[in-house]
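Given next are the chains, with one letter for each unit.
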Amino acid sequence: DFQMTQSPSSLSASIGDRVTITCRASQDITNYLAWYQEKPGKVPKLLIYAASTLQSGVPSRFSGSGSGTDFTLTISSLQPEDVATYYCQKYDGAPLTFGPGTKVDIK
Amino acid sequence: QVQLVQSGGEVKKPGTSVKVSCRTSGFIFTSYGFSWVRKTPGQGLEWMGWISANNGNAHYAQKFQGRVTLTTDSSTSTVYMELRSLRSDDTAVFFCARKPMGQITDYWGQGTLVTVSS
């Protein structure tokens, strides 16, 4: 069964800190990797697609990198509104598995 | 404009079924596929399955295989998700989303809360 893993599962950081979340796929997915931000009661928000392409309207402090099986989401300067859970998802084809999520809050 | 409008919240008893609808507009329905995703407090975001509105081919997550069925009605541009044998841990918000094959999910419905309780 296809697996997506993320680390860490949660983190606390200070305002202005650089935050890095990693995502690993159990098989090569080239660059078919998206990152979502999820807040309670809201629709998941697409941040990054094709591993490194910033979705229109998303602040430039968010960036993505990686290919194959290993990917990274970076927030260059953490802001209060970035408190959320972040998920990676493969979208090349079924199964369209999500990672287990990384919960980010403010220290 | 593209819209995906889901049916309202439901309260169901354990062992029963729920069918959630997702009515779409603003694009050519049969040119797209649709995913269903659920959000539970304990499990985060879970992909449940995907269906092609062109030919009805569906793919299901192994976890839900045999318990979920996705269908489409091209006459009303609506996608349906039926989940059977409900348990209390199926309590979740269910989302439909437009997901072309090989492309990103680009539009989401507003979500439907299904509560399973005796």
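Engineer: In this structure, what is going on with the overall build of chain B? I would like to understand it.
Structural biologist: The number of helices and strands found in chain B is 0 helices and 11 strands. Beginning at the N terminus, the succession of helices and strands in chain B can be written as β-β-β-β-β-β-β-β-β-β-β. Within the span of chain B, comprising 118 residues, buried residues form 46% of the whole. Within chain B, contacts between residues at least 6 apart in sequence are counted, and of these 51% link residues at least 24 apart. Computed over 12 positive and 7 negative side-chain charges, the inter-centroid distance for chain B is 1 Å.

Engineer: Hey, could you run me through the sheet that holds strand β3 (residues 18-25) of chain B in this one?
Structural biologist: The strands that make up a sheet are held in pairs by hydrogen bonds between backbone atoms, and each pair lies either parallel or antiparallel. All names here are of chain B. Judged by pairing direction, the sheet is antiparallel, and its 4 strands sit side by side in the order β1-β3-β8-β7 without closing on themselves. The open sheet terminates on both sides in strands that have one partner only, identified here as β1 (3-6) and β7 (68-73). On average, each strand axis in the sheet is inclined to that of its neighbour by 20 degrees, with strand direction left out of account. Alignment of β7 against strand β8 (residues 78-83), held across 6 bridges, turns out to be antiparallel. Within β8, the position partnered with threonine 69 by the bridge is glutamate 82.

Engineer: Whenever I open this one, the sheet that holds strand β3 (residues 19-25) of chain A confuses me. Can you help?
Structural biologist: All names here are of chain A. If you trace the 4 strands from one edge of the open sheet to the other, you get β1-β3-β8-β7, paired in antiparallel fashion. Edge positions in the sheet fall to β1 (4-7) and β7 (62-67), since each of these pairs with one other strand and no more. Pairwise comparison of adjacent strand axes, ignoring direction, gives a mean angle of 15 degrees for this sheet. Here β1 pairs with β3 via 4 bridges, running antiparallel. For methionine 4, the partnering residue across the bridge sits in β3 and is alanine 25.

Engineer: Sorry, what's going on with the interface of chain A and chain B here?
Structural biologist: Contact residues are listed per partner, giving 17 residues for chain A and 19 residues for chain B. Both sides together, the interface formed by chain A and chain B hides about 1,500 Å², and carbon and sulfur atoms give 74% of it. Summed over the shared surface of chain A and chain B, the number is 1 residue pair in polar contact (both at pLDDT 80 or more). Elements with a contribution of two residues or more to the side of chain A that touches chain B: β4 (33-38), β5 (45-49) and β9 (84-90) of chain A. For the side of chain A that touches chain B, the class distribution of residues is 12 nonpolar, 1 polar and 4 charged.

Engineer: Looking at this structure, I do not really get unusual backbone geometry. What am I missing?
Structural biologist: Peptide bonds are trans in most cases, and residues, glycine excluded, mostly fall at negative phi. Of note, the bond from Ser7(A) into Pro8(A) is cis; its omega dihedral lies within 30 degrees of zero at -5 degrees. Following the sequence through the fold, Pro8(A) ends up in the loop between β1 and β2 (10-13). In this chain, Ala94(A) is followed by Pro95(A) through a cis amide linkage whose omega measures -5 degrees. For Pro95(A), the position within the fold is in the loop between β9 and β10 (102-106). Located in the positive-phi region is Ala51(A), a residue other than glycine, with phi close to 70 degrees. A positive phi angle, near 55 degrees, is found at Ser77(B), a position not held by glycine. Inspection of the secondary structure assignment puts Ser77(B) in the loop between β7 and β8.

Engineer: Please explain the packing of aromatic side chains as it appears in this structure.
Structural biologist: By convention here, two paired aromatic rings are described through the distance between centres and the angle between planes. Evaluation of the coordinates by the stated rule reveals 9 aromatic pairs over all chains. Ring centres of Tyr36(A) and Trp108(B) lie 5.8 Å apart, and the angle between their planes is 80 degrees; this geometry places the pair in the edge-to-face category. You can see Tyr36(A) sitting in strand β4 and its partner Trp108(B) sitting in strand β10 (residues 107-108), one on each of two chains. For Tyr36(A), a relative accessible area of 1% corresponds to the buried category. Pairwise contacts between aromatic rings join Tyr36(A), Tyr87(A), Phe98(A), Phe95(B) and Trp108(B) into one cluster. In this structure, Arg98(B) is placed above the aromatic ring of Phe27(B), and the distance from its NZ or CZ to the ring centre is 4.6 Å. In this structure, Arg98(B) packs its charged tip against the face of Tyr32(B), placed 3.9 Å from the ring centre.

Engineer: Help me understand the pairing of β7(A), please; the structure alone is not making it clear to me.
Structural biologist: Remember that side chains alternate between the two faces of the sheet whenever the strand is regular. Residue and element names in this part refer to chain A. Pairing analysis gives 6 bridges linking β7 to strand β8 (residues 70-75), with the strands arranged antiparallel. In the strand pairing of β8, glycine 66 is matched with phenylalanine 71. Linking two consecutive strands that pair antiparallel, namely β7 and β8, is a turn of 2 residues; a positive phi of about 80 degrees is found at glycine 68 within it.

Conventions used here
Residues numbered from 1 in each chain as written. Chains lettered and ligands numbered in written order. Predicted model: local features only at pLDDT ≥ 70, side-chain atom pairs only at ≥ 80, totals over all residues. Heavy atoms only, no water. Helix = DSSP H or I, 4+ residues; strand = E, 2+ residues; numbered from the N terminus. Buried < 20%, exposed > 50% of the residue type's maximum accessible area, 1.4 Å probe, protein only. Contact = heavy atoms within 4.5 Å. Lys, Arg positive; Asp, Glu negative; His and termini not counted. Charge placed at Lys NZ, Arg CZ, Asp CG, Glu CD. Pairing = 2+ DSSP bridges. Axes fitted to C-alpha atoms, helices over the stretch in contact; angles between N-to-C directions. Buried area = accessible area lost by both parts, 1.4 Å probe. Polar contact = N/O pair within 3.5 Å; in protein donor to acceptor, adjacent residues only side chain to side chain. Nonpolar A, V, L, I, M, F, W, Y, C, P; charged D, E, K, R; others polar. Phe/Tyr/Trp six-rings, centres within 6.5 Å; stacked < 30°, edge-to-face > 60°. Lys NZ or Arg CZ within 6 Å of the ring centre and 35° of its normal.

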